[in-house]
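Analysis of the macromolecular model
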Amino acid sequence: MQLLPVNLAYFLEVARTGSVTEAAHALNVAPSAISRQVAKLESGIGVPLFARHPRGMTLTEAGSRLLAHARSTETESTTLVEELRTGRGAEARSVAVACSEGFARRLVPRAIADFRRAHPDVAFRVDVVARQEATRRVVEGLADVAVTYTMGPQHDVRVECAVVVPVVAIVPLGHPLAGRDRIGLADLCAYPLALASPGTSQRELFDIGAQLEGITVRPALVSDGLAPQYEFVRAGGGLALVGDLGDTEQSSVTEGVTYVPVDHPVFRQREAQVQTATGRRPSWSATQFTELLVASLRRDRPT
């Protein structure tokens, strides 16, 4: 059942297919009806939504922004219809979470376990993705909430919570740096390093800090996965970096490593954020779980 306004539904199909003819075929309506509704939408908004070409149509910048809104509205409508039909409301639906790997290790699954103790009928899907992809999934309605690292202001999502997460070095037990209260980049770079790939937020900031310090670094291991980095450290290959989400002290013995804070102002440019979509009606489950995530991130923030 379609709850979108007719002109928005027609716009969405043209955006998907890139053609009035194909959109008309998919919706089983006349192409002229599609063209009229799209033209009416453009006239009402006051800007063109498509660039017309001999072989199809492509979105303008305004059209791309409207597409994100239309997708969000479509997702919300589908969810509402499902809740109305089942009669069970938000308790019956699942919650989709997109997060980068650091949050998927403990913070997110622990929050899910806590939530399900009170609401066992709610199911979850967790997608571990790159930081920009987590945000994109929320914007496009593919995830209810994202937990990710960011640098700079965010304009396309609602930031429910933002905290600066310190960076710590992962150090083998018994290592010369293991007993230090904190270390600088020069201390860290005196040993072989496992680092994330260029383009990740932590690596970007590390490279900036090293450049400011005049340090040249050739990583011994480059991996975006935390598991290879931890095993590299445990095996005595060197050191690695990770965000301190408040659980490093309690996990050091079981993981066979210890953690030492890395003291450099460059790492304060990165925030951990809980993000939701703007202009979309979240389900009760998504709203309540987002509140739990926010409380968990703030509680686990080291002092």
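Heads up: these notes are all about the structure in this document. Bear in mind that the values here come from a model prediction, so they are computed numbers and not experimental data.

This paragraph deals with the overall build of the protein chain. Scanning the protein chain from N- to C-terminus turns up twelve helices and twelve strands. By its C-alpha atoms, the protein chain is 75 × 50 × 30 Å across when sized along the principal axes. Across the protein chain, contacts joining residues at least 24 apart in sequence account for 74% of those joining residues at least 6 apart. Only carbon and sulfur atoms are counted for the fraction: they give 51% of the accessible area of the protein chain, which is about 15100 Å². Of the side chains in the protein chain, 32 bear a positive and 33 a negative charge, and the two mean positions are spaced by 4 Å.

The subject of this paragraph is the sheet that holds strand β6 (residues 157–164). Taken in spatial order, the five strands make up an open sheet running β4-β3-β5-β12-β6, and their pairing is mixed. The outermost strands of the open sheet, each flanked by one partner alone, are β4 (124–128) and β6. Strand-to-strand, the axes of this sheet are offset by a mean angle of 20°, without reference to chain direction. Packing of helix α6 (residues 107–118) onto the sheet brings it into contact with β3 (95–99), β4 and β5 (145–150), and relative to β4 it is tilted by some 175°.

As a further point, take the sheet that holds strand β10 (residues 239–243). A sheet is described by the order of its strands in space; here five strands give the open sequence β9-β8-β10-β7-β11, paired in mixed fashion. At either margin of the open sheet sits one strand with a lone partner, and together these are β9 (221–222) and β11 (257–261). Relative to β9, strand β8 (residues 193–195) is paired through two bridges, and the arrangement is parallel. Bridged to leucine 195 within β9 is valine 222. The sheet contacts of helix α9 (residues 201–213) involve β7 (167–172), β8, β9 and β10, and relative to β10 the element is tilted by about 120°. Packing of helix α10 (residues 226–234) onto the sheet brings it into contact with β7, β8, β9, β10 and β11, and relative to β10 it is tilted by some 135°.

Mapped onto the fold, threonine 150 is located in strand β5. We classify threonine 150 as buried; its relative accessible area is 4%. Here the alpha-carbon distance between threonine 150 and glutamate 204, two residues 54 residues apart in the chain, equals 12 Å. Residue contacts for threonine 150: discarding those within four places in its chain leaves Gln269, Arg270, Glu271, Gln273 and Gln275.

Scanning all chains against the criterion turns up 14 salt bridges. Its salt-bridge partner being glutamate 13, residue arginine 16 comes within 3.7 Å of it at the nearest N-O pair. Of this pair, arginine 16 and glutamate 13 both sit in helix α1 (residues 6–17), three residues apart, which is roughly one turn of the helix. On the accessibility criterion, glutamate 13 (14% relative accessible area) is buried. Between arginine 234 and glutamate 231 there is a salt bridge, with the nearest N and O atoms lying 3.1 Å from each other. Taken together, the positions of arginine 234 and glutamate 231, both in helix α10 and three residues apart, correspond to about one turn of that helix. Judged by its relative accessible area of 38%, arginine 234 falls in the partly exposed class. Through salt bridges that share partners, Arg71, Arg125, Asp127, Glu133, Arg136, Arg137 and Glu140 make up one connected network.

Time to look at the nonpolar core. Phe103, Val108, Phe124, Val274, Phe289, Leu293 and Leu297 are the most contacted members of the largest nonpolar core, which totals 24 residues. For this core, the elements supplying multiple residues, two or more each, are β3, α6, β5, β6, β12 (271–277) and α12 (284–299). It is α6 that provides the largest number of residues to this core, a total of five residues. What phenylalanine 124 contacts, discounting residues up to four positions off in sequence, is Val95, Val97, Ile112, Phe115, Arg116 and Phe289.

Right, let's talk about the environment of leucine 205 for a bit. Relative to the assigned elements, leucine 205 resides in helix α9. Residues leucine 205 and aspartate 263, 58 residues apart in the sequence, show an inter-C-alpha distance of 13 Å. Leave out the neighbours within four places in its chain, and leucine 205 touches Met151, Val266, Phe267, Gln269 and Arg270.

Cut-off values and rules
- Residues numbered from 1 in each chain as written.
- Predicted model: local features only at pLDDT ≥ 70, side-chain atom pairs only at ≥ 80, totals over all residues.
- Heavy atoms only, no water.
- Helix = DSSP H or I, 4+ residues; strand = E, 2+ residues; numbered from the N terminus.
- Contact = heavy atoms within 4.5 Å.
- Areas by Shrake-Rupley, 256 points an atom, 1.4 Å probe, with all protein chains shown as cover.
- Lys, Arg positive; Asp, Glu negative; His and termini not counted.
- Charge placed at Lys NZ, Arg CZ, Asp CG, Glu CD.
- Pairing = 2+ DSSP bridges.
- Axes fitted to C-alpha atoms, helices over the stretch in contact; angles between N-to-C directions.
- Buried < 20%, exposed > 50% of the residue type's maximum accessible area, 1.4 Å probe, protein only.
- Salt bridge = Lys/Arg side-chain N within 4 Å of Asp/Glu carboxyl O.
- Core = buried A, V, L, I, M, F, W, Y, C linked by side-chain atoms within 4.5 Å.

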